[in-house]
Amino acid sequence: MYCSASPGSIALAAHVVILCFIFLVPTEAQNHLFDSHGLVQVRIEAPFRRMISEEEGRFAAKLIFAEYPGDTIHLEVSPRGKSRLFSGICDFPGLMLFFPDGAAGSAFEGQGAVPVVTHCKDRDAYEQLALLEYLAYRTYNVVTELSLRVRLARIAYFDSERDRLVTERVGFFLENYEKLASRNGWVRLRLPVIPPYEYEADQRALFEVFQYFIGNTDWSYTYAPPGETECCHNAVPIGNFAGPVFPVPFDFDQAGLVDAPYATVDPSLRIRRVRDRLFRGICGPPGFLNGALGLFEIHQPEIKALFEEAEFLNDRSRSKALRYLEEFYRTIEDDRRVERELLSKCREP
């Protein structure tokens, strides 16, 4: 169960980061992280102020389970989303945990690298945004296995150099892209461009309807983001180089469902705010959206229950999210609205 880091892979001792994870339900500590939706109680000790100020790089870390205090996993950690920090959007970064030796025997076994989605700013409202993004992932889990799994966590952030608690907030762990691909029998594809018609048609339509469901226009499953060489933007392609290929969505903080105060829309899309839904899918043969829309209709009770029963969602966020969901369902249950709001807005490949 003890995992040591590879020689030479650890940053300078001055940058040591200690991560202490305490699981709320000790009996789950040895299960794989994403086998359950139960809350994970986490304490992270790290030199947060210095880690945030670093431009890039990984920091040496160790992870200790409370139930097994004698066992330590050596790993590395780095901040994510530095551009949001430097632009003043966020005060606190997302995190990426790296397990060089696979974290054998632990809940993180086989995950490789695990993103942590955090609260952006130390305010209750921003914690609610993280919860809504978590529920967006959970929604996609309901309609397809070709989706990234998540695990909710209450995280206490402790600055190890200043010997003080920074804050305690709800966030979540996000599945590794390669792990997502492998558990579905595929591989993650690294290509510069993927034409829309290369994607499996039903899964592509489901991806597109889901983006409309959450009110997200900040994605591309065809091209790489500016300055990057790999497709895609907020979508990861998985499958086989000979086909089929499937798009999997991630990163929903710009979606209308989340409605982050910093979220913006591309002026070329001719919508005024992120809460305005816009279907950006590719046109297909008659009935090309029927399967995807049918899945959302079939799973409507389960999807609504996710939001109705979400433990940490406050009444205001819950009510606002449910109204947004109801608007979606009113649209897809009316053939004329489907024609007007989705089919007539599709794009030619």
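Our subject is the structure that appears above.
Figured I'd write up the structure that's included with this text. None of these values were measured; they are calculated from a predicted model. (Residues numbered from 1 in each chain as written. Predicted model: local features only at pLDDT ≥ 70, side-chain atom pairs only at ≥ 80, totals over all residues. Heavy atoms only, no water.)

**Looking at the side chain of Lys121**
To keep things clear, this is the line we draw: Elements are defined by DSSP. Helices are runs of H or I of four residues or more, strands are runs of E of two residues or more, and each kind is numbered from the N terminus. Each residue is assigned to one of three classes by its accessible area relative to the maximum for its type, calculated with a 1.4 Å probe on protein chains only: buried under 20%, partly exposed between the two thresholds, exposed over 50%. Residue contacts follow a heavy-atom distance rule, with two residues in contact if any of their heavy atoms lie within 4.5 Å.
Locating Lys121 in the fold gives a position in the loop between β6 (113–117) and α3 (124–143). The exposure class of Lys121 is buried, given its relative accessible area of 11%. Not counting residues up to four positions away in its chain, the partners in contact with Lys121 are Gly88, Ile89, Cys90, Asp91 and Tyr126.

**A look at the side chain of His119**
Among the structural elements, His119 can be located in the loop between β6 and α3. Ignoring sequence-local partners within four residues, the contact set of His119 consists of Phe92, Tyr126, Tyr157, Thr167 and Arg169.

**Section: the pairing of strand β8 (residues 164–174)**
Quick reminder of the rule: Strand pairing requires that DSSP identify at least two bridges connecting the strands.
Here β6 pairs with β8 via two bridges, running antiparallel. The residue bridging Val117 from the neighbouring strand is Phe172, located in β8. The pairing of strand β7 (residues 150–159) with β8 spans 10 bridges and is classified as antiparallel. Within β8, the residue paired with Phe158 across the bridge is Leu165. Turn length for the β7-β8 hairpin, with the two strands adjacent in sequence and antiparallel, is four residues, and the turn residue Asp163 shows positive phi of about 55 degrees.

**What to know about the nonpolar core**
Selection criterion: Grouping buried Ala, Val, Leu, Ile, Met, Phe, Trp, Tyr and Cys residues that are joined through side-chain atoms within 4.5 Å yields what is termed a nonpolar core.
Of all hydrophobic cores here, the largest spans 82 residues; its most connected members are Phe213, Phe296, Ile303 and Phe307. Among the elements that make up this core, the one with the highest residue count is α3 (11 residues). When residues no more than four places from it in sequence are discounted, the contact partners of Phe213 are Thr139, Arg277, Phe296, Ile303, Tyr324, Leu325, Phe328 and Tyr329. Leu75, Leu95, Val114 and Ile155 belong to the second-largest nonpolar core, a separate cluster that totals 26 residues.

**Focus on the packing of aromatic side chains**
Note the cut-off: Within 6.5 Å between ring centres, the rings of Phe, Tyr and Trp (the latter by its six-membered ring) count as paired, and their orientation is classed by plane angle as stacked under 30 degrees, edge-to-face over 60, tilted in between. The rule for a charge over a ring is simple: NZ of Lys or CZ of Arg within 6 Å of the ring centre, and within 35 degrees of the ring normal.
For the structure shown, the criterion picks out 21 aromatic pairs. On the numbers, 5.4 Å between centres and 70 degrees between planes, the contact of Phe210 with Phe252 is edge-to-face. Highlighted residues: Phe210 in helix α5 (residues 201–214) and Phe252 in the loop between β11 (245–249) and α6 (290–298), separated in sequence by 42 residues. Each member of the pair Phe210 and Phe252 is classed as buried. Among the aromatic side chains, those forming a connected cluster through ring pairs are Tyr134, Tyr137, Tyr140, Phe172, Phe210, Tyr212, Phe213, Phe252, Phe279, Phe296, Phe328 and Tyr329. Directly above the ring of Tyr212 sits Arg277, whose terminal nitrogen or CZ lies 5.9 Å from the centroid. Arg277 extends its terminal NZ or CZ atom over the ring of Tyr324, reaching a point 3.7 Å from the ring centre.

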